[in-house]
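Chain by chain, the residues:
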Amino acid sequence: MARSDARILLSALLASLALVGCKPAATGADAAASAAMATPATPATIPTPATISIPTPASTATSGDAGATDASADFDPASVPESTATLPPFPFFKAPDGLASVQDEKTRNSSFDREHMIAGGKVVALEGKVFRDLFPLDNPDRPYSALEFQRNYENAITDLGGMKVSAVQFTDEVNNAFGGRDAVDAHFHGTCAGVDCENNTYLIRQGGQEYWVLVSTGAIPLHGAIVVLQRKAMESKLGFLDAGAMKKAIDKDGHVALHINFDVDKATLRPDAKPVVAEIDKLLGADPALKLSIEGHTDNTGTAAHNQELSAARAASVRDALVALGVDASRLTSKGFGQDKPVADNGTESGRAQNRRVELVKVD
């Protein structure tokens, strides 16, 4: 849900609660997750949890499309020690005492989606299973300050072995390094990605899993949000084209689009990409005269410059994998077009998925 739409939705619901609305609204009673969160304590009695030292990035290069990005060149998730705590069932937390969720039920739980958070000194795109919750804090029966809301989650996350991993807020400089405020807001479900709000990112690691938590507070009206993301790659529900289907498409249209899986924000082919590469090898083996241009494309997440570099590197990886299988390198060229040639609407996740592709183009 885009930030502008989210604000309209929350305005409608909070107005019904006799509040001045400014963020998404919907139905819902409480944040019934499967585990308990500590009863709110007085902020003055709560110690600040330990954080890790994360340097601010020296450059403004951003992560690109095609799945979640690695946290940052300056932040390694493995730097956070694995938790030894007993983790409750995902998403770990109940609603703070006295608060009722107003999160849209349609977006509260998602088996797979993207979220933008801050790791180290920059915005990163993370993908996986997501839980979101939103609370008006100006509750006449049990009001919360922004500090109390933040500290309650901070303490609960620390008790679960998590650590704070964000070193900055969503300033104009930080947002612009990612591609601008609109790019950040495209997959942001906190209160707001600006300096008038407070956003803190935490990471819990256990058993090879990463659990990212965004705790967000904003004013007018005073409200708080939490996003819990279990990071993972999407399990593809699509089959892939075999050599025969590739040949038919190339003979008909002169090109064929393939969806090949790479490591997040990298040009490294994932193991499940090998069968697709093997079919391209068969295609070339069956027609020794065929020459191909291997062309990479991305969606529009991140900066155009980074996406162009990423698309070119991924196309080159496919070419190199084919050469390693014995294909004559003179039959193959590679190039990247980044986000410049979309085939679907980048405003939807399904559209972005179609735009993240590698095309085989026949060279005459």
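Throughout this description, residue numbers start from 1 for each chain and increase along the sequence as written. Totals for whole chains, interfaces and linings use every residue, but because this is a predicted model, local features are given only for residues with pLDDT of at least 70 and side-chain atom pairs only at 80 or more, for both listing and counting. Note that the side-chain values use all heavy atoms of the structure and ignore hydrogens as well as water.

Under the convention used in this document: UniProt positions are given in the numbering used here, feature names are shortened, and annotations may be inferred rather than shown by experiment.
Named according to an unreviewed UniProt entry, the protein is OmpA family protein originating from Pseudoluteimonas lycopersici. In its Subcellular location (unreviewed entry) section, the UniProt record describing the protein reads: "Cell outer membrane".

1. Some details on the overall build of the protein
Rules: Labels follow the DSSP assignment, with helices taken as runs of H or I lasting at least four residues and strands as runs of E lasting at least two, numbered in each case from the N terminus. Per-residue accessibility, obtained with a 1.4 Å probe over protein chains only, is compared with the maximum for each type, and a residue is labelled buried under 20%, exposed over 50%, and partly exposed between these values. We call two residues in contact whenever any of their non-hydrogen atoms come within 4.5 Å of each other. Each accessible area is a Shrake-Rupley result for a 1.4 Å probe, and residues are judged covered by the shown protein chains and nothing else.
Each helix and strand counted, the protein has nine helices and ten strands in total. Taking all 364 residues of the protein together, 53% fall into the buried category. Looking at the protein alone, contacts between residues at least 24 apart form 74% of all its contacts between residues at least 6 apart. Counting every atom, the protein has about 15900 Å² of accessible surface; 53% of that belongs to carbon and sulfur.

2. Quick notes on the confidence of the model for the protein
Atomic detail in the predicted coordinates should be set aside for any region of low pLDDT. The following threshold applies: Scored from 0 to 100, pLDDT reflects the predictor's confidence in each residue.
When the pLDDT values of the protein are averaged, the result is 81; 78% of them are 70 or greater. Below a pLDDT of 50 lies the segment residues 1-72, which in the model reaches 212 contacts outside its immediate sequence neighbourhood of four places, other chains included.

3. Examining the sheet that holds strand 6 (residues 223-231)
Applied cut-off: Strands are labelled as partners when DSSP assigns at least two bridges between them. Note on definitions: angles span 0 to 180 degrees between N-to-C directions of axes, and those axes are lines fitted to C-alpha atoms, for helices only across the stretch in contact.
Read from one edge to the other, the open sheet built from six strands follows the order 1-2-6-5-4-3, with strand pairing classed as antiparallel. In this open sheet, the two strands that pair with only one neighbour each are strand 1 (109-119) and strand 3 (163-164). Helix-sheet contacts for helix 3 (residues 146-159) involve strand 2 (122-136), strand 4 (198-206), strand 5 (209-218) and strand 6, and the interaxial angle to strand 5 is about 170°.

4. Observations concerning the environment of Gln339
Along the polypeptide, Gln339 turns up in the loop between strand 9 (332-336) and helix 9 (349-355). Gln339 sits in the partly exposed class, given a relative accessible area of 22%. Setting aside its immediate chain neighbours within four residues, Gln339 contacts Thr298, Asp299, Asn300, Gly302, Thr303, Ala304 and Asn307.

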